[in-house]
Amino acid sequence: MLAYASPLRNQQGAVVVMHDVTEIRRLERVRRDFVANVSHELRTPVSIIRANAETLLDGAIEKPEVARRFLDAQLRSADRLAALVADLLEISRIEAGTYEISPDEIELEPIVAHTIDEVERLAQEKHIEITSDVPEDMTVWADEQALEQVLLNLIDNAVKYTPTGGKIVVRAKKRDDMVRIEVEDNGPGIEARHRARVFERFYRVDKGRSREVGGTGLGLAIVKHLAEAMEGQVGVEPAEPQGSLFWLTLPAASD
Ligand SMILES: Nc1ncnc2c1ncn2[C@@H]1O[C@H](COP(=O)(O)OP(=O)(O)OP(=O)(O)O)[C@@H](O)[C@H]1O
Ligand SMILES: [Mg+2]
C-alpha cells in the first residue's frame, strides 16, 4: 500500500490517498524473474559451446573421433539457443501486440492432419500412435498460422512427454458456438499443484527431465497467449485412467 497524506488547509485533519500497489509489485517481480530465467537459459548452452571450443583448441581437434563429439554438442547447444531466441521473439511480438491475428473460417481437420505429420517422425521413433478424431466438416474462426502453432506445441508436448509405446488422441467437438479441441495422451500426467502453472513462461514440471528432452518452458505460454488472442481459452485436466488432456476452445465459424 502506498499512502500520501496532506493536512487540510483551513481546518483540522488531513486527507490521505492510498494506492493498492499489489499488482504493480507483482508485475515487477514477474519482470525480474523473467530476466533471471532468460539469463539462466542462455547461459547453459553458451557455456557448453565455449567449453567445447576450448577443448578443441587445446588439442582435441587433432583427434577426429573425439572432435566430432565436441562439435556435435556445440551444434545441439546452438540449436537450443536458436529455438530459445525464436520463442522469446514470438512472445515479445505477441505481448507488444504486433503479432497480427487475422481470423478467418478455417477447416480444422486438414490443419490437425498436417500438424500430426510434422511430429510423425519423432512419434514413430518412440512407437507412439497418434490418432485424429476430428469431423471433416468442422470449421473454426481462427488465425491459421496461430492455430497451427498452438496445435503443434500441444501435440509436440504430448509426444515429448509420453513414454515409448504411448497413445495420443486429437479430437474436436462442437459445444454451442464454441469448438473444443482436445489433445490427450497416456503419459505421466501433471500433478494438480503444477497444473495451473504450466502455462507460465519457463515453468517446467520436472526441470531435470524436461531439460533432457530439450524444452525451455515457453511453449505453453505462447499457446495461452495465442489462444486468448483468438478469443479462445486453454486448460489442462488429468486424463483417465492416466495422462494429460490439454484442451483449447475457439469460436465456431458461423454464417
Ligand atoms: N503432455 C504433457 N504431459 C506431461 N507433462 C507435460 C505435457 N505438456 C507439458 N508438460 C509439462 O509442462 C511443462 C511446460 O510445457 P511447455 O511446452 O511450456 O515447455 P517445454 O515443452 O518444456 O519447452 P518448449 O515447449 O518451450 O520447448 C513441460 O516442461 C512439462 O513438464
Ligand atoms: Mg513444449
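Residues numbered from 1 in each chain as written. Chains lettered and ligands numbered in written order. Predicted model: local features only at pLDDT ≥ 70, side-chain atom pairs only at ≥ 80, totals over all residues. Heavy atoms only, no water.

Caption draft 1: Region of interest: the site of ligand 1. If you check the shell around ligand 1, you find 20 residues, and the closest are Asn157, Tyr161, Asp185, Gly217 and Leu220. Contact distances for ligand 1 include 2.9 Å between an oxygen atom and a backbone N or O atom of Leu218. Protein burial of ligand 1: of its 600 Å² of free accessible surface, 94% is covered by the chains. Elements supplying a minimum of two residues to the shell around ligand 1: α4 (144-161), α7 (219-229) and β9 (244-251). It is α4 that contributes the most residues to the shell around ligand 1, four residues altogether. Here the residues of the shell around ligand 1 sort into nine nonpolar, seven polar and four charged. (Near = heavy atom within 4 Å. Polar contact = N/O pair within 3.5 Å; in protein donor to acceptor, adjacent residues only side chain to side chain. Areas by Shrake-Rupley, 256 points an atom, 1.4 Å probe, with all protein chains shown as cover. Helix = DSSP H or I, 4+ residues; strand = E, 2+ residues; numbered from the N terminus. Nonpolar A, V, L, I, M, F, W, Y, C, P; charged D, E, K, R; others polar.)

Caption draft 2: Molecular detail of the domain arrangement of the protein chain. Taken domain by domain, the protein chain consists of domain 1 (22-96) and domain 2 (104-251). Of note, the centres of domain 1 and domain 2, computed from C-alpha atoms alone, are 25 Å apart. Tallying the contact residues gives 14 residues for domain 1 and 12 residues for domain 2. Here domain 1 packs against domain 2, burying approximately 1300 Å² in sum over the two surfaces, 64% of which is carbon and sulfur. Together, Glu41, Ile91 and Ile94 form the three largest contributors to the area buried by domain 1 at its contact with domain 2, with a combined 35%. The interface formed by domain 1 and domain 2 contains one salt bridge. Summed over the shared surface of domain 1 and domain 2, the number is two residue pairs in polar contact (both at pLDDT 80 or more). Going through the elements one at a time, α1 (22-57) and α2 (64-96) are the ones with two or more residues in the side of domain 1 that touches domain 2. (Domains from an automatic or database assignment. Contact = heavy atoms within 4.5 Å. Buried area = accessible area lost by both parts, 1.4 Å probe. Salt bridge = Lys/Arg side-chain N within 4 Å of Asp/Glu carboxyl O.)

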